[in-house]
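Inside the fold
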Amino acid sequence: MTWSEMQPLLSQACGETLVMVGWSTLISVAGGLPLGVLLVLTDRGGLLANGVFSKALGAVVNVIRSLPFVILMIYLMPFTKSLVGTTIGPEAMIVPLSIGAIPFFARLVEIAVREVDSGLVEAVQAMGGSTWTVVRKTLLPESLPALISAATTTVIALIGYSAMAGLIGGGGLGDLAVRYGYQRFETGLMNVTLAVLVVIVTGVQLIGDLSARGVSHRGRASVAPRLRLLRRAAAPETS
């Protein structure tokens, strides 16, 4: 297969992959971020500590995370069909991609939020800050570099998941590799597809690392002074 024959196929496949990964990333972040924060808040010693709810929520997250994505795609086919009217194509694959990635991202969010300095949380509470204020003003801003890294990891995982979607006609680069590289023995196209995936993943990782590093450098110098100011402001209320 010549490059002129490969180019339109690669362009279409890249577009489908970007659609799948882009929408599923947005849905995963929108669903996984509050879920991860909730796992921290409801855990023992959390601001909304509730042992039963926390264990139940953690169990659901663990069950979904334990399912291999190929099996999850097949299991969700009836639900996907009822939701979007089909089980093939990029639009259909957004459903299992999102469901598979939400608990994955939620656990990464949980890890990131747990690393926030407890002194900052206590200072905001001492000043009369509500749980929502603690989350909005302390937990999320202070964990932002780690959250960006978590989002980067999730995007890369979704790229890998989207390639697996090609096994059941999900479209994208994975589908191109299966239909042409494997079924039609087009080794050249297979190699180009792999190279494109490597470039995409490398680019995503580079952007994520630079973004997290930039946010971290801006926030690191201000953490200690902000902590002292918060504690000083809270001192009269606790005396």
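About the thresholds
Residues numbered from 1 in each chain as written. Predicted model: local features only at pLDDT ≥ 70, side-chain atom pairs only at ≥ 80, totals over all residues. Heavy atoms only, no water. Salt bridge = Lys/Arg side-chain N within 4 Å of Asp/Glu carboxyl O. Helix = DSSP H or I, 4+ residues; strand = E, 2+ residues; numbered from the N terminus. Buried < 20%, exposed > 50% of the residue type's maximum accessible area, 1.4 Å probe, protein only. Axes fitted to C-alpha atoms, helices over the stretch in contact; angles between N-to-C directions. Parallel < 35°, antiparallel > 145°, perpendicular 65-115°, else oblique. Left-handed = near helix turned anticlockwise from the far one by under 90°. Contact = heavy atoms within 4.5 Å. Nonpolar A, V, L, I, M, F, W, Y, C, P; charged D, E, K, R; others polar. Core = buried A, V, L, I, M, F, W, Y, C linked by side-chain atoms within 4.5 Å.

**Section: the pattern of salt bridges**
The full count for this structure, using the stated rule, is 4 salt bridges. Across the pair Arg179 and Asp175 runs a salt bridge, and its minimum N-O distance is 2.8 Å. Residue Arg179 and its partner Asp175 are located together in helix H9 (residues 172-182), separated by 4 residues, close to a single helical turn. Under the relative-accessibility criterion, Arg179 is labelled partly exposed at 32%. Residue class for Asp175 comes out buried when judged on its relative accessible area of 11%. Shared partners join several salt bridges into a network, and the residues in it are Asp43, Arg107, Glu110 and Arg114.

**Side note on the packing of helix H5 (residues 90-114) against helix H8 (residues 144-164)**
Running from N to C, H5 and H8 point in directions that differ by 155 degrees, and their axes come no closer than 9 Å. In terms of their interaxial angle, H5 and H8 are classed as roughly antiparallel. Between H5 and H8 lies a crossing whose hand is right-handed. Listed contacts from H8 to Leu97, Ala101, Phe104, Phe105, Leu108, Val109 and Ala112 of H5 are Ala146, Leu147, Ala150, Ala151, Thr153, Thr154, Ala157, Leu158, Tyr161 and Ser162. Its residues assigned to classes, the contact of H5 with H8 comprises 14 nonpolar, 3 polar and no charged.

**A short note on the packing of helix H1 (residues 3-41) against helix H2 (residues 51-66)**
Their axes nearest at 9 Å, the elements H1 and H2 cross at an angle of 140 degrees. Comparing their axes, H2 and H1 come out oblique. Handedness of the H1/H2 crossing: left-handed. When H1 is examined against H2, the residues Leu35, Leu38 and Leu39 are found in contact with a partner set consisting of Phe53, Ser54, Leu57, Gly58 and Val61. Grouping the constituent residues of the contact of H1 with H2 by class yields 6 nonpolar, 2 polar and no charged.

**Digging into the nonpolar core**
Where a protein is soluble and globular, its nonpolar side chains tend to be buried together. Residues Leu10, Met73, Met93, Leu97, Leu176 and Leu189 are the most contacted members of the largest nonpolar core, which totals 23 residues. When residues of this core are traced back to their parent elements, those giving at least two are H1, helix H3 (69-75), H5, H8, H9 and helix H10 (187-238). A total of 5 residues in this core trace back to one element, the largest contributor, which is H1. With residues near it in sequence (within four places) discarded, Leu189 still touches Met1, Met6, Leu9, Leu10, Leu176 and Tyr180.

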